[in-house]
Amino acid sequence: MTAEQTREPAHSQPENRDADRVEIAPHGEAIRDTYTHGHHESVLRSHTWRTVLNSAAYLIPHLTPGLRVLDVGCGPGTITVDLARRVSPGTVTGVDASAAIVAQAAGLAVDEGVPNVAFRVGDVYALDFADDSFDLVHAHQVLQHLANPVAALRELRRVLKPGGILAARDVDYGGVAWYPKLPGLQSWMTAYRAVHYWNGGDPDAG
Ligand SMILES: C[S@@+](CC[C@H](N)C(=O)[O-])C[C@H]1O[C@@H](n2cnc3c(N)ncnc32)[C@H](O)[C@@H]1O
């Protein structure tokens, strides 16, 4: 991971937005994306309750002791730490592009007394792991933020052992509905989708 590859959320440095964008294309594709949601406290508060049970229950039948797991785009690490508890004495690695959120996730693991989890800064397009490293690779609410999710999936497959499990979950804003049909919420959705597309992701990735 070079300093050049480290990205911070655009909202924290709006004046440097274009400068912060990094193009990394291990397979030759053009990639340009910016993490839309950022790590503002208002976003992180909604993360604090994310667990395997409430956010990634599809993994539960596959979480056996001893597995080696990668949780990419791990954010504050609440799911990652829960994964580590469930595969102990296996190991879990959380990777995220933001150094600040990686530090926070590492602090969570210490606070929770979970020793078999490690966090590191990294980019989903160019992971710092050998081929066939993990039994299970997970990306929760990450692919929607990527300009080239197929390149990312290729990289996730590269580090996955043959026969391993690659799991991803993403929202599909096109499928989101609410009632009553409040005009303010409709305006929010229109603006949100435009910003998400501008940042290079796909709000309908799910
Ligand atoms: C919506 S958050 C999801 C966090 C966590 N998986 C969860 O569900 O609580 C998306 C995360 O992906 C990270 N991210 C975005 N682009 C990335 C990239 N190219 N490589 C690694 N992480 C990335 C962001 O920094 C952010 O923490």
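Up top is the structure these notes are about.
Cut-offs and rules
Residues numbered from 1 in each chain as written. Predicted model: local features only at pLDDT ≥ 70, side-chain atom pairs only at ≥ 80, totals over all residues. Heavy atoms only, no water. Phe/Tyr/Trp six-rings, centres within 6.5 Å; stacked < 30°, edge-to-face > 60°. Buried < 20%, exposed > 50% of the residue type's maximum accessible area, 1.4 Å probe, protein only. Lys NZ or Arg CZ within 6 Å of the ring centre and 35° of its normal. Salt bridge = Lys/Arg side-chain N within 4 Å of Asp/Glu carboxyl O. Helix = DSSP H or I, 4+ residues; strand = E, 2+ residues; numbered from the N terminus. Axes fitted to C-alpha atoms, helices over the stretch in contact; angles between N-to-C directions. Parallel < 35°, antiparallel > 145°, perpendicular 65-115°, else oblique. Left-handed = near helix turned anticlockwise from the far one by under 90°. Contact = heavy atoms within 4.5 Å. Nonpolar A, V, L, I, M, F, W, Y, C, P; charged D, E, K, R; others polar. Near = heavy atom within 4 Å. Polar contact = N/O pair within 3.5 Å; in protein donor to acceptor, adjacent residues only side chain to side chain. Areas by Shrake-Rupley, 256 points an atom, 1.4 Å probe, with all protein chains shown as cover. Core = buried A, V, L, I, M, F, W, Y, C linked by side-chain atoms within 4.5 Å. Pairing = 2+ DSSP bridges. Right-handed = clockwise from strand over helix to strand, strands pointing away.

1. Thoughts on the packing of aromatic side chains
- Inspection of every chain in the model, using the stated rule, returns 5 aromatic pairs.
- Taking 5.0 Å as the distance between ring centres and 85° as the angle between the ring planes, the aromatic pair formed by Phe129 and Phe134 counts as edge-to-face.
- Looking at Phe129, the relative accessible area reads 10%, which means it is buried.
- When its relative accessible area of 0% is taken as the criterion, Phe134 is described as buried.
- Put simply, the rings of Tyr173, Trp178, Trp188 and Tyr192 pair up and form one aromatic cluster.
- Between the NZ or CZ atom of Arg68 and the centre of the ring of Phe134, over which it lies, the distance is 4.8 Å.

2. Here we look at the pattern of salt bridges
- If you walk through the whole model with that rule in mind, you get 7 salt bridges.
- The shortest N-O distance in the salt bridge between Arg158 and Glu155 comes to 2.9 Å. Of this pair, Arg158 and Glu155 both sit in helix H6 (residues 149-159), 3 residues apart, which is roughly one turn of that helix.
- Given a relative accessible area of 5%, Glu155 falls into the buried group.
- Note that Asp204 is salt-bridged to Arg193, the shortest N-O span being 2.8 Å.

3. Looking at the packing of helix H4 (residues 78-87) against helix H5 (residues 99-112)
- One can describe the packing of H4 onto H5 by two numbers: an axis separation of 9 Å at closest approach and a directional angle of 40°. It follows that H4 is oblique to H5 by the angle criterion. Helix-helix and strand crossings are classified by hand; for H4 and H5 the assignment is right-handed. On H5, the residues that touch Thr78, Val81 and Arg85 of H4 are Leu108, Ala109 and Glu112.
- When grouped by side-chain class, the residues that make up the contact of H4 with H5 number 3 nonpolar, 1 polar and 2 charged.

4. Let's talk about the site of the ligand
- Every one of the 18 residues lining the ligand counts as a neighbour, but His39, Arg50, Gly73, Asp96 and His140 are closest to it.
- In this structure, Gly73 approaches the ligand through a main-chain N or O atom, which is 2.8 Å from a nitrogen atom.
- In isolation the ligand has 600 Å² of accessible area, and contact with the protein removes 97% of it.

5. Notes on the nonpolar core
- Core analysis: the biggest nonpolar cluster contains 21 residues, and Leu59, Leu63, Val69, Leu83, Val92, Val117 and Phe119 have the highest contact counts within it.
- Top element by residues in this core is H4. It accounts for 5 residues.
- Ignoring anything within four residues of it in the chain, the contact list for Val117 reads Thr80, Val81, Ala84, Val92 and Ala109.
- Listed in part, the 18 residues of the second largest apolar core include Leu70, Val72, Leu143 and Leu146.

6. Some remarks on the pairing of strand E3 (residues 117-121)
- Where strand E2 (residues 91-96) and E3 come together, 5 bridges link them in parallel fashion. Its bridge partner being in E3, Gly94 is matched across the sheet by Phe119.
- In this fold, the crossover linking E2 to E3 by way of H5 has right-handed handedness.

7. What to know about the pairing of strand E4 (residues 134-140)
- A large share of E4 lies buried, amounting to 6 of its 7 residues.
- When strand E1 (residues 68-72) meets E4, the two strands line up parallel, connected through 4 bridges. Directly across from Asp71, in E4, lies its bridge partner His138.
- Both E4 and strand E5 (residues 160-169) contribute to a ladder of 6 bridges, which runs parallel. The residue bridging Leu136 from the neighbouring strand is Ile165, located in E5.
- After leaving E4, the chain enters H6 and then returns to the sheet as E5, a path that is right-handed.

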